[in-house]
Amino acid sequence: MTRLAAVVALVSPAATTAFVVQPRSAHAPNRIFPCPSPTTQRTVRPLRMVGAGIDPTSGSSDASSAPLSKDLNNPSTRFGEPLSDEVKEFNRGAVGFLKRAIFDTLFAGRDYPRFYALETIARVPYFSYTAALHFYETIGMWRKAKYLKIHFAEDWNEMHHLMIMESLGGAERWSDRFIAQHIAVGYYLLALGLYFWNPTMAYNLNEYVEEHAFLTYDQFVKDHGEELKAQPAPQVAVDYYRDGDLYMFDEFQTGSCEIRRPKMDNLYDVFAAIRDDEAQHVKTMAALQTETELSTAHDDSCEIPEELLGY
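All residue numbers refer to positions counted from 1 along the written sequence of the respective chain. Note on the predicted model: pLDDT of at least 70 is required for a residue's local features to be given, and 80 or more for side-chain atom pairs to be given and counted; whole-chain, interface and lining totals, by contrast, use all residues. The side-chain values count all of the structure's non-hydrogen atoms but skip hydrogen atoms and water molecules.

### A short note on the overall build of the protein
Part 1 of the reasoning: Secondary structure assignment for the protein yields ten helices and three strands.
Part 2 of the reasoning: A 1.4 Å probe rolled over the protein chains alone gives each residue an accessible area, and that area as a share of the maximum for its type sets the label: buried under 20%, exposed over 50%, partly exposed in between. In the protein, which comprises 311 residues, the share counted as buried stands at 52%.
Part 3 of the reasoning: Pairs of residues are marked as contacts when any of their non-hydrogen atoms sit within 4.5 Å. Restricting the contact set of the protein to residue pairs at least 6 apart, pairs at least 24 apart contribute 76%.
Part 4 of the reasoning: Each accessible area value is a Shrake-Rupley result obtained with a 1.4 Å probe; residue values ignore everything except the protein chains displayed when judging cover. Accessible surface computed for the protein: about 14,400 Å², of which carbon and sulfur atoms make up 58%. Each helix corresponds to a stretch of at least 4 residues labelled H or I by DSSP, and each strand to a stretch of at least 2 residues labelled E; elements are numbered beginning at the N terminus.

So, in structure tokens, the structure goes:
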């Protein structure tokens, strides 16, 4: 059975309009069309993504230091405590120090190995989050399936970044793989311990890791734009961003009903898409430090015509 079209609602303060994303063919990207009848729409639950407006380049998030309500259902409000500005600045400084000490030194002048190492490490906090959430669910303490799904989708996204860097030759040296994998194991254990202690701390630290990734890719596309536009997109990128099943790609992008479909015409488009993915990770990590229940385009926060329900 062919999977039905994804549905997206673009919500404005004045009006709500529903759109359907037509299923792509093997040779054509998805296209967005208005739903034929507004009478078939279901009621929208308003989005509460207060972290959606942050700018990854601004050096700040809107995560508040005010007490978090334990009645709300996200991991930070259920198990965590807010962080002081001093702790946030320490986390930012620690990430910056490691960037200069490791990435700027060991991978100087070698972009693809640097990106390979970055993506190897960037996956592991999402492993830690899902492990902790599985533990809480197993012992009957707390169950909220949407966060397992969102964090898995974030890992799925980072895994494809990693596969792209491997296809570009970033993992050819044994020494680069050794360094990246051992740092990743250490970060996994650190993130897991922080998550059990205070999920807000784990999310805040990863916000700055993802911010570093965003700034790294943003500078790379600015410095090498013309060169990248002359090279083809790797097939793994085309499959993930355009021609494959895009459900998991949509699921890591929180707080919006608008479906994102990057171009995949050349290598520039690939790195621009990866940069934008990292910006989304920053926004999600910042939102998870607030009294926010995350939503995605495929949950009940977005309008779905009645004829598409049940699939």
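### What about the packing of helix H4 (residues 145-167) against helix H10 (residues 267-287)?
Part 1 of the reasoning: As a rule, the C-alpha atoms of each element are fitted with a line to give its axis, helices using only the stretch in contact, and angles between N-to-C directions run from 0 to 180 degrees. Relative orientation of the contacting elements H4 and H10 amounts to 150 degrees, with a least axis distance of 11 Å. Compared by their axis directions, H4 and H10 come out roughly antiparallel. Here H4 and H10 pass one another in a crossing that is left-handed. Residue-level contacts link His 151, Glu 154, Asn 157, Glu 158, His 161, Ile 164 and Met 165 of H4 to Val 270, Phe 271, Ile 274, Asp 277, Glu 278, His 281, Thr 284 and Met 285 of H10.
Part 2 of the reasoning: Looking at the contact of H4 with H10 residue by residue, the classes come out as six nonpolar, five polar and four charged. Relative orientations are named as follows: roughly parallel for angles under 35 degrees, roughly antiparallel for angles over 145 degrees, roughly perpendicular for angles from 65 to 115 degrees, and oblique for any other angle. Each crossing gets its hand from how the near helix is turned against the far one by less than a right angle, where anticlockwise is left-handed and clockwise is right-handed. Each residue is assigned to one class: nonpolar for Ala, Val, Leu, Ile, Met, Phe, Trp, Tyr, Cys and Pro, charged for Asp, Glu, Lys and Arg, and polar for all the others, Gly among them.

### Regarding helix H3 (residues 111-138)
Part 1 of the reasoning: Here, expected helix span is obtained from the residue count minus one, scaled by 1.5 Å. The first and last C-alpha atoms of H3 sit 42 Å apart over 28 residues, in line with the 40 Å expected at 1.5 Å per residue.
Part 2 of the reasoning: For H3, a buried count of 20 out of 28 residues is recorded, marking the element as mostly surrounded by other parts of the structure.
Part 3 of the reasoning: At the C-terminal side of H3, Gly 140 shows a positive phi close to 75 degrees.

### Thoughts on the confidence of the model for the protein
When pLDDT drops low, the exact placement of atoms in the prediction is not to be read closely.
Part 1 of the reasoning: On a range of 0 to 100, pLDDT expresses the predictor's confidence in each residue. Per-chain confidence: the protein averages 80 in pLDDT, with 73% of residues scoring 70 or above.
Part 2 of the reasoning: Predicted confidence for residues 1-55 stays below pLDDT 50, and this span has 118 contacts to residues more than four positions away or in other chains.
Part 3 of the reasoning: A low-confidence stretch, residues 57-65 stays under pLDDT 50, and its non-local contacts, those more than four residues away or across chains, total 28 contacts.

### Considering the pattern of salt bridges
Part 1 of the reasoning: The term salt bridge refers to a side-chain nitrogen of Lys or Arg lying within 4 Å of a carboxyl oxygen of Asp or Glu. For the structure shown, the criterion picks out 16 salt bridges.
Part 2 of the reasoning: Where Glu 137 meets Arg 143, a salt bridge forms, and the shortest distance between an N and an O atom there is 3.4 Å.
Part 3 of the reasoning: The closest approach of N and O atoms between Lys 149 and Glu 251, which form a salt bridge, is 3.2 Å. Of this pair, Lys 149 sits in helix H4 while Glu 251 sits in helix H9 (residues 247-251), and the two are 102 residues apart along the sequence.

### Things to note about the side chain of Glu 278
Part 1 of the reasoning: Take Glu 278: it is sitting in helix H10.
Part 2 of the reasoning: When charges are counted, Lys and Arg contribute as positive and Asp and Glu as negative, whereas His and the chain ends are disregarded. The side chain of Glu 278 is buried and forms no salt bridge, while Arg 260, the nearest opposite charge, is found at 9.7 Å.
Part 3 of the reasoning: Within the local environment of Glu 278, its side chain forms a polar contact with the side chain of His 161, the two groups lying 3.2 Å apart.
Part 4 of the reasoning: Leaving out residues up to four positions away in the same chain, Glu 278 has contacts with Glu 119, Glu 158, His 161, Glu 210, Ala 213, Phe 214 and Tyr 217. In protein, a polar contact means a hydrogen-donor-capable atom and an acceptor-capable atom, both N or O and within 3.5 Å, with residues adjacent in sequence counting only if both atoms are side-chain atoms; elsewhere, any N or O pair within 3.5 Å suffices.

### A closer look at the nonpolar core
Part 1 of the reasoning: Grouping buried Ala, Val, Leu, Ile, Met, Phe, Trp, Tyr and Cys residues that are joined through side-chain atoms within 4.5 Å yields what is termed a nonpolar core. Ile 164, Met 165, Tyr 217, Tyr 241, Val 270 and Phe 271 are the most contacted members of the largest nonpolar core, which has 63 residues in total.
Part 2 of the reasoning: The element contributing the most residues to this core is H3, with eleven residues.
Part 3 of the reasoning: Once residues within four sequence positions are removed from consideration, Tyr 217 is found in contact with Phe 115, Leu 118, Glu 119, Met 165, Phe 271, Ile 274, Arg 275 and Glu 278.

### Looking at the packing of aromatic side chains
Part 1 of the reasoning: The aromatic pairing rule takes the rings of Phe, Tyr and Trp, using the six-membered ring of Trp, and pairs them if the centres are within 6.5 Å, calling planes under 30 degrees apart stacked, those over 60 edge-to-face and the rest tilted. A full pass over the atoms with the stated rule returns 25 aromatic pairs.
Part 2 of the reasoning: Relative to Phe 220, the ring of Phe 115 has its centre 5.0 Å away and its plane inclined at 80 degrees; by these criteria the two rings are edge-to-face. Note that Phe 115 is positioned in helix H3 and Phe 220 in helix H6 (residues 199-223), a separation of 105 residues in sequence. In this structure, Phe 115 and Phe 220 share a single accessibility class: buried.
Part 3 of the reasoning: Ring-pair connections join several aromatic residues into one group, and the members of that group are Phe 79, Phe 135, Tyr 136, Trp 142, Tyr 147 and Phe 196.
Part 4 of the reasoning: Here, over-ring charges are defined by two tests on the NZ atom of lysine or the CZ atom of arginine: distance to the ring centre within 6 Å, and angle to the ring normal within 35 degrees. A cation over an aromatic ring shows up here: Lys 229 above the ring of Tyr 268, its NZ or CZ 4.8 Å from the ring centre.

### Digging into the packing of helix H5 (residues 174-197) against H6
Part 1 of the reasoning: Look at H5 against H6: their axes get within 5 Å of each other, and the N-to-C directions meet at 140 degrees. In terms of orientation, H5 lies oblique with respect to H6. Only Pro 199, Met 201, Ala 202, Tyr 203, Leu 205, Asn 206 and Val 209 of H6 make contact with H5, whose side of the interface consists of Tyr 187, Leu 190, Ala 191, Leu 194, Tyr 195 and Trp 197.
Part 2 of the reasoning: Here the residues of the contact of H5 with H6 sort into twelve nonpolar, one polar and no charged.

### Quick look at the side chain of Asp 269
Part 1 of the reasoning: The topology assignment puts Asp 269 in helix H10.
Part 2 of the reasoning: Among buried charged residues, Asp 269 stands out as having no salt bridge; its nearest opposite-charge side chain is Lys 263, 4.2 Å away.

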